[in-house]
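So you can see what is in the structure, the chains are spelled out below.
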Amino acid sequence: MDLSSTLNVVYSLLPGITANLTGTLTNAYISVAILLDYFKIQMMSTSNKILVALSLSNVYLSLIFCSISVFLPLINDDYSIKGYIFALLMFGICSSNWITTCLCVFYFLKIINFSSGLLACFKLKIDIIVPWFIFFSEVVSLGCSFLTLLPSVTSPGSSTNSVNSTSEEFINSPGFMKVTFIAVFVPMLIMIVTTFSTIGSLFLHSRRMENTGTSSSLTPHRNAACMMAWLLLLYTVIFVALFTYFFELFDPQSFGYRISFNLIYLFTLVQSIVLIIGNPKLKEAIKKCCLFDTKVSD
């Protein structure tokens, strides 16, 4: 490989690697901040359990993205290794998606009042259900990961086999994308239903409070609903980006193609920012870190 080709490869990989390393650090910060608080008070809330699981899943996903960016162009001719790498990627995508859905379901059950029925029972037992939901998310993720290794998914005929293929072209393989869409579509539907139901319930509750003249702070609930809305928007954007890859709506050399690819790489970083902004304790911890850095520099 000549100098020009080497520089082109470095230039194409650098933005993705930088975004994913930054996403790794921000998601690791979320886990460390929550765990340090747990060691102090010897207790962890159910929502924090979900946040730790989600941030660790995002750390894993970011590292997989970095590995794909760095190593996959070096092993383009070894299809079996690429299949295993993208099976690991599928696990990260499914895990992050399902645990995010778990977070939305948790806020949905905590915010909306249910007088009776199955949802009311779930609301009462939410602290017991959440760990099992996280476990279920990991089992489903493993199942989708193994599914990508089936011959019908990983056969050479379903992907690009040229020596000059890249990670982008392999991700665009029909078999991999079909599994991805199945894995992402179901939790997306759950997120849509829970998010809009929560926002609608909060709106109606606010109107009732205005009519009756009662006063009660809904700020924590509104913050949770805003986080759910931003997460839903984020996953919708990623879903659209994957859609454009699957149906090849953009030419591989076009600006839209590169934008879609970069959006996928920015996913874990943006999600960590949404989680930090939506959690008052995490925001406060960042402020303390910033103040400490300012004092040290002074």
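By convention here, each chain's residues receive numbers from 1 onward along its written sequence. Since the coordinates come from a predicted model, pLDDT governs what is reported: local features require at least 70, and pairs of side-chain atoms require 80 or more to be given and counted, while whole-chain, interface and lining totals use all residues. The basis for every side-chain value is the complete set of non-hydrogen atoms in the structure, without hydrogens or water.

- If you look the protein chain up in an unreviewed UniProt entry, it shows as Taste receptor type 2 from Xenopus laevis.
- As recorded by UniProt, the Subcellular location (unreviewed entry) comment attached to the protein chain reads in full: "Membrane". UniProt positions are given in the numbering used here, feature names are shortened, and annotations may be inferred rather than shown by experiment.

1. Overview of the UniProt feature "transmembrane region" (unreviewed entry) in the protein chain
And step 1. Under the local residue numbering, the UniProt record ascribes the feature "transmembrane region" (unreviewed entry) to residues 20-39, 51-72, 84-109, 129-150, 179-204, 225-247 and 259-278.
And step 2. Helix numbering and strand numbering both begin at the N terminus, where a helix is a DSSP run of H or I of at least 4 residues and a strand a DSSP run of E of at least 2. Each end of residues 20-39 is marked by a C-alpha atom, and these two atoms are 28 Å apart; helix forms 100% of the span and strand 0%.
And step 3. Helix makes up 90% of residues 259-278 and strand 0%, whereas the separation of the span's terminal C-alpha atoms amounts to 26 Å.

2. Regarding the packing of aromatic side chains
And step 1. The rule is short: rings of Phe, Tyr and Trp, with Trp giving its six-membered ring, pair when the centres are within 6.5 Å, and they are stacked under 30 degrees, edge-to-face over 60, tilted in between. Within this structure, the stated rule accounts for ten aromatic pairs.
And step 2. Geometrically, the ring pair formed by W132 and F135 is edge-to-face, given 6.1 Å between the ring centres and 90° between the ring planes. Residue W132 and its partner F135 are both found in helix α5 (residues 126-147); the two are separated by three residues, about one turn of the helix. Each member of the pair W132 and F135 is classed as exposed.
And step 3. Between the aromatic rings of F185 and F239, the centroid separation amounts to 6.4 Å while the plane-to-plane angle is 35°, which identifies the pairing as tilted. Of this pair, F185 sits in helix α8 (residues 174-212) while F239 sits in helix α9 (residues 219-246), placing them 54 residues apart in sequence.
And step 4. The structure contains a cluster of three or more aromatic residues connected by ring pairs, namely W98, F133 and F136. Three exposure classes are used, based on accessible area relative to the maximum for each residue type with a 1.4 Å probe and protein chains only: buried under 20%, partly exposed in between, and exposed over 50%.

3. Some points on the environment of M191
And step 1. Positionally, M191 belongs in helix α8.
And step 2. Given a relative accessible area of 0%, M191 falls into the buried group.
And step 3. When checking whether two residues touch, look at their non-hydrogen atoms; a contact exists if any pair is within 4.5 Å. Not counting chain neighbours up to four residues away, the residues in contact with M191 comprise N97, T100, T101, C104, L231, L232 and Y235.

4. Some words on unusual backbone geometry
And step 1. In this model, Q42 sits at a positive phi of 55°, which is unusual for a non-glycine residue.
And step 2. As for its position among the elements, Q42 is in the loop between α1 (3-41) and α2 (46-71).

5. Description of helix α11 (residues 267-277)
And step 1. Here α11 lies mainly inside the structure; eight of its eleven residues are buried.
And step 2. The set of residues buried in α11 consists of F267, T268, L269, Q271, S272, V274, L275 and I276.

6. Observations concerning the nonpolar core
And step 1. Among buried residues, those of type Ala, Val, Leu, Ile, Met, Phe, Trp, Tyr and Cys that are joined through side-chain atoms within 4.5 Å constitute a nonpolar core. Judged by nonpolar contacts, the single largest core of 61 residues is most densely connected at I50, L89, L103, Y107 and L275.
And step 2. Taken together, the elements giving at least two residues each to this core come down to α1, α2, α3 (79-111), α5, α8, α9, α10 (255-265) and α11.
And step 3. No other element matches α3, which puts 17 residues into this core.

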